[in-house]
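Residue strings, one per chain:
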Amino acid sequence: MPRHSTSSPTQSNRPGQGRHAGLDAARGLAVAGMIIVNVGPRGGDSLAETLYRLPYGRASLLFMLLGGIGFSLLTRRARSGETSIPAGPILWRALVLFVCGLLLQALDHGVSVILVTYAALFIVALPLTRAAGGVLLVLAGFGVSLGPILWLAVQERTDKAFDRDPLTATDSAGEFLAGTFITGPYPVAVWAAPFLLGMWLGRRDLSSQLLGTRLVIWGAVSALGARTISIALIAYMGEPTSHLVWQRLISSVAHSQMPLWLVEGTGAALFVVGLCLKIADRCFQSWLEPLVKLGQLAFTAYVGHLLILALAVRPGPATLPGGLAVSALILVALIVFSLTWRRLVTRGPLEMLLRPPRLWPSGT
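The name an unreviewed UniProt entry assigns to the chain is DUF418 domain-containing protein, from the organism Nesterenkonia flava.

Peer 1: Describe helix α7 (residues 133-157), and please don't skip the residues or the numbers.
Peer 2: In this model α7 runs 35 Å from its N-terminal to its C-terminal C-alpha over 25 residues, within 8% of the 36 Å that 1.5 Å per residue would give. In α7, a bend of some 35° at Leu-146 exceeds every other bend along the element, and Pro-148, a proline, comes one to four places later. Every buried residue of α7 is listed here: Gly-133, Leu-136, Ala-140, Gly-143, Gly-147, Pro-148, Trp-151, Leu-152, Val-154 and Gln-155.

Peer 1: Break down the environment of Thr-266 for me, with residues and values.
Peer 2: Of note, Thr-266 is situated in helix α11 (residues 259-282). A C-alpha to C-alpha distance of 9.8 Å links Thr-266 and Phe-195, two positions 71 residues apart in sequence. Apart from residues no more than four positions distant in its own chain, Thr-266 is found in contact with Leu-61, Pro-194 and Leu-197.

Peer 1: Outline empty space enclosed by the protein, listing residues and values.
Peer 2: The full count for this structure, using the stated rule, is four cavities of 30 Å³ or more. Forming the walls of the largest cavity are Gly-101, Leu-102, Gln-105, Val-113, Val-116, Thr-117, Pro-166, Leu-167, Gly-179, Gly-184, Pro-185 and Tyr-186. Within the residue set of the lining of the largest cavity, elements represented by two or more residues are α5 (87-105) and α6 (115-125). Across the lining of the largest cavity, the residue classes tally to seven nonpolar, five polar and no charged. Lining the second largest cavity are Ile-36, Val-37, Gly-40, Pro-41, Arg-42, Tyr-52, Arg-53 and Tyr-56.

Peer 1: Let's hear about the packing of helix α13 (residues 298-313) against helix α14 (residues 320-344): which residues, and what values?
Peer 2: Contact pair α13 / α14: the axes reach a minimum separation of 11 Å and the direction vectors enclose 135°. What the angle tells us is that α13 and α14 run oblique. Crossing geometry of α13 relative to α14 is assigned as right-handed. Residue-level contacts link Thr-300, Ala-301, His-305, Ile-308, Leu-309 and Val-313 of α13 to Val-326, Ile-330, Leu-334 and Phe-337 of α14. Residue composition of the contact of α13 with α14, grouped by class: eight nonpolar, two polar and no charged.

Peer 1: An account of the packing of aromatic side chains is requested, with residue identities and associated values reported.
Peer 2: Throughout the structure, instances matching the rule amount to 10 aromatic pairs. Seen from their ring centres, Phe-63 and Tyr-302 are 6.0 Å apart, and the 20° between their planes marks the pair as stacked. One end of the pair, Phe-63, is in helix α3 (residues 59-74); the other, Tyr-302, is in helix α13, with 239 residues separating them in the sequence. Classification of Phe-63 as buried rests on a relative accessible area of 0%. A relative accessible area of 2% places Tyr-302 in the buried class.

Peer 1: Quick rundown of the side chain of His-109? Include the residues and the values.
Peer 2: Within the secondary structure, His-109 sits in the loop between α5 and α6. Here His-109 falls in the buried class, since its relative accessible area comes to 0%. With residues up to four places along the chain from it excluded, the contact list for His-109 reads Leu-104, Leu-306, Leu-309, Ala-310 and Arg-314.

Peer 1: Describe unusual backbone geometry, listing the residues and the values that go with them.
Peer 2: That bond from Gly-40 to Pro-41 is cis: its omega, 0°, falls within 30 degrees of zero. A cis amide bond links Arg-314 with the next residue in sequence, Pro-315, at an omega value of 15°. Note on placement: Pro-315 falls in the loop between α13 and α14. Unusually for a residue other than glycine, His-255 sits at a positive phi of about 65°. Along the chain, His-255 falls in the loop between α10 (209-237) and α11.

Peer 1: Mind laying out the pattern of salt bridges, listing which residues take part and the relevant values?
Peer 2: Inspection of the entire model under this criterion finds four salt bridges. A salt bridge links Asp-24 to Arg-27; its shortest N-O distance comes to 2.5 Å. Residue Asp-24 and its partner Arg-27 are both found in helix α1 (residues 18-39); the two are separated by three residues, about one turn of the helix. Across the pair Arg-77 and Glu-82 runs a salt bridge, and its minimum N-O distance is 3.5 Å. Among the residues examined, Arg-77 registers a relative accessible area of 47% and is labelled partly exposed. One network of salt bridges, in which partners are shared, links Arg-58, Arg-227 and Glu-264.

The rules behind these values
Residues numbered from 1 in each chain as written. Predicted model: local features only at pLDDT ≥ 70, side-chain atom pairs only at ≥ 80, totals over all residues. Heavy atoms only, no water. Helix = DSSP H or I, 4+ residues; strand = E, 2+ residues; numbered from the N terminus. Expected span 1.5 Å × (residues − 1). Bend = angle between axes of the 7 residues up to and from the residue. Buried < 20%, exposed > 50% of the residue type's maximum accessible area, 1.4 Å probe, protein only. Contact = heavy atoms within 4.5 Å. 1 Å grid on protein atoms, 1.4 Å probe; cavity = no way out; pocket = protein on both sides within 12 Å on 5 of 7 lines; lining within 4 Å. Points joined across faces, edges and corners; volume = space filled by probe spheres on them. Nonpolar A, V, L, I, M, F, W, Y, C, P; charged D, E, K, R; others polar. Axes fitted to C-alpha atoms, helices over the stretch in contact; angles between N-to-C directions. Parallel < 35°, antiparallel > 145°, perpendicular 65-115°, else oblique. Left-handed = near helix turned anticlockwise from the far one by under 90°. Phe/Tyr/Trp six-rings, centres within 6.5 Å; stacked < 30°, edge-to-face > 60°. Salt bridge = Lys/Arg side-chain N within 4 Å of Asp/Glu carboxyl O.

Here it is, written out as structure tokens:
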């Protein structure tokens, strides 16, 4: 999961401290967006229903972008040469996320769990810990452009046989690797792009107001530009269909794995991060604290909302008012828990698992 922040509201107005509260608030928004998406419903064409679905295909990309930022913050001392690369802690973190992802996928919540891909990206990123920033940007560019092409090529070669089913513990080794990297709901070949961009962004001066402004502007331009280009191309070439596989490249439909969707969704994520950084760095407002605390317990909140869905919500609401009510109840419950827990304990209950166990006393 993204790096845990220990900054407090009273610290956030010190130089460099607001960035931590800003990142935590952005994580809180990502969690809130995933709750809305996973509770549903996702149908309907009214303005209210369209606005309700805004987090769909965007909250998860924000989650990935923040994961890359968190990776860079976690390894910043290793990049400067102060310490060695923390391979052990990172691999432990990946193992915890991997196991939790498989266990959660076995529950009846109807959600494709993102944690296995998240774990895989932490492992993939490990050799890139000290890579130059330009290398990260080039690789992110490859992910945006070549990742979708690889995804389409495999689909075409297999006669569109893969159906993006969630990964399960009963899959064979070959199925598991293919699902993780290409054929699953969150293929690493595609989703590495926002994670790598986040790694690059995590090396910037996140306390800079200029950086926040640039993220807001360029994020908005990217999101609106990609959607506009997609609409124009579809108007000219026609709506992509399953019979014209390569025509899907012009689509910006959420979770289509296509370049224009990646650019649009990642642009929206950059906009959110930039806005949160600017707000938190200027002044910490009390109304921001619930999002900050929720973001500090992002792993716990993500797992918790899936447990609630499986045990108490499914089959789930079929109407917009029902979806709003259930989403609000879950979100309020998780925020109250986060606020209460953080007043008592520094780290969230599941965030504690992300720290590797001390197998022997220090100094031995």
